[in-house]
Amino acid sequence: MLEQRYEAIRQRMGAACARANRDPAGVTLIAVTKTHPPETVETAARLGIRDFGENKVQEARAKIPLCGGALRWHGIGHLQTNKVRDAVRLFTMIHAVDSLRLAEEIEKHAGLQSKRVPVLLEVNVSGEGTKFGLGPDGLNEVALAINRLPHLELRGLMTMAPYAEEAEPARPYFRRLAQLKRGLEQKLGAPLPDLSMGMSGDYEVGIEEGATMIRVGSALFGERKSAFHAAADEGPP
Ligand SMILES: *Cc1c(COP(=O)(O)O)cnc(C)c1O
């Protein structure tokens, strides 16, 4: 089941890369395992998947220690400052930095843990009130401040397109994120390698518009049911 889904996604990723004249090696599939147990991670890892995404620190804290080593874990969800210590400990990359205050908290804990943390800034391109993320207007200013924090490595931008049944409506938001990245690179005078954009319903459009990371959950693992809770983890996810 998973194997067939993974194969189909890889083919579609390859086709999207071909359409956009891109090297498939430049796009990383992040398998989003939220609500799924460690056994699912293990099965995916056996297929060769190495990058995994979780959107809640509490769930990640319960799950990651039960999964094998040599996997890269991406924190893809909104992060509260009181969860930063664990997030810095658990995640290879944090995708959803949406304020200078959060970045400064990451800086503090990264320093305490003697780490340098790769981060992406989440941009609310659509301006929807229900979404987290920096507005496009204030982005450069915040990014310049974050770029000065010594224990953070600013790697690029991340966004979520508004929910839609079809993939195509996501295109203008992804295109705009790529444009914002180019503008920010000019300001910084340095390249930003990563664009995290595209989920199960729109990852091909993400790739066509320049995504270097796509975050795919349900297209790989099926519809999400109830949340995974490890016995040692108390409280809601
Ligand atoms: C859940 C989630 C995804 C994956 O969503 P699917 O539609 O199941 O692929 C991607 N990004 C974030 C931030 C998520 O929370």
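Predicted, not measured: the structure shown is a model, and the values here were computed from it.

## Here we look at the confidence of the model for the protein
Link 1 in the chain: Residues of the protein with pLDDT of at least 70 account for 95%, and the chain-wide mean is 95.
Link 2 in the chain: Here residues 232–237 is modelled with pLDDT under 50, and outside its nearest four sequence neighbours on either side it reaches 12 contacts, counting other chains as well.

## Let's talk about the pattern of salt bridges
Link 1 in the chain: Within the structure shown, the criterion is met by 17 salt bridges.
Link 2 in the chain: The salt bridge involving R171 is made with E168; its shortest N-O contact spans 2.4 Å.
Link 3 in the chain: With relative accessibility at 15%, the residue R171 sits in the buried group.
Link 4 in the chain: Take E168: its relative accessible area is 44%, and that puts it in the partly exposed class.
Link 5 in the chain: Here R171 ties to E208 by a salt bridge, and the two come within 2.7 Å at their closest N and O atoms. Of the two residues, R171 is situated in helix α7 (residues 171–188) and E208 in helix α8 (residues 203–208); the sequence distance between them amounts to 37 residues.
Link 6 in the chain: By sharing partners, the salt bridges in this structure join R19, E168, R171, R175, E208 and E209 into a single network.

## What about the site of the ligand?
Link 1 in the chain: The local shell around the ligand consists of V32, K34, N55, I76, M160, M199, S200, R215, V216, G217, S218 and R224.
Link 2 in the chain: A distance of 2.9 Å is found between a nitrogen atom of the ligand and a side-chain nitrogen or oxygen belonging to R215.
Link 3 in the chain: In the model, an oxygen atom of the ligand is placed 2.8 Å from a nitrogen or oxygen of the G217 main chain.
Link 4 in the chain: In isolation the ligand offers 390 Å² of accessible surface; the protein chains occlude 91% of this area.
Link 5 in the chain: Split by residue class, the shell around the ligand holds 5 nonpolar, 4 polar and 3 charged.

## Focus: unusual backbone geometry
Link 1 in the chain: Positive phi outside glycine occurs at A70, with the angle close to 65°.
Link 2 in the chain: Mapping A70 onto the fold places it in the loop between α3 (57–63) and β3 (72–75).
Link 3 in the chain: The exposed category is assigned to A70, whose relative accessible area is 69%.
Link 4 in the chain: Non-glycine residue S114 carries a positive phi angle of around 50°.
Link 5 in the chain: Relative to the elements of secondary structure, S114 occurs in the loop between α5 (100–112) and β5 (117–122).
Link 6 in the chain: Under the relative-accessibility criterion, S114 is labelled exposed at 66%.

## A few points about the packing of helix α6 (residues 139–147) against α7
Link 1 in the chain: It is the contact of α6 with α7, at a shortest axis distance of 10 Å, that shows an interaxial angle of 50°. Taken together, α6 and α7 sit at an angle that is classed as oblique. You can see that α6 and α7 cross each other, and the crossing is right-handed. Seen from α6, the contacting residues are L139, N140, A143, L144 and N147; seen from α7, they are L180, G183, L184, K187 and L188.
Link 2 in the chain: The class makeup of the residues in the contact of α6 with α7 is 6 nonpolar, 3 polar and 1 charged.

Rules used in this analysis
Residues numbered from 1 in each chain as written. Predicted model: local features only at pLDDT ≥ 70, side-chain atom pairs only at ≥ 80, totals over all residues. Heavy atoms only, no water. pLDDT = per-residue confidence, 0-100. Contact = heavy atoms within 4.5 Å. Salt bridge = Lys/Arg side-chain N within 4 Å of Asp/Glu carboxyl O. Buried < 20%, exposed > 50% of the residue type's maximum accessible area, 1.4 Å probe, protein only. Helix = DSSP H or I, 4+ residues; strand = E, 2+ residues; numbered from the N terminus. Near = heavy atom within 4 Å. Polar contact = N/O pair within 3.5 Å; in protein donor to acceptor, adjacent residues only side chain to side chain. Areas by Shrake-Rupley, 256 points an atom, 1.4 Å probe, with all protein chains shown as cover. Nonpolar A, V, L, I, M, F, W, Y, C, P; charged D, E, K, R; others polar. Axes fitted to C-alpha atoms, helices over the stretch in contact; angles between N-to-C directions. Parallel < 35°, antiparallel > 145°, perpendicular 65-115°, else oblique. Left-handed = near helix turned anticlockwise from the far one by under 90°.

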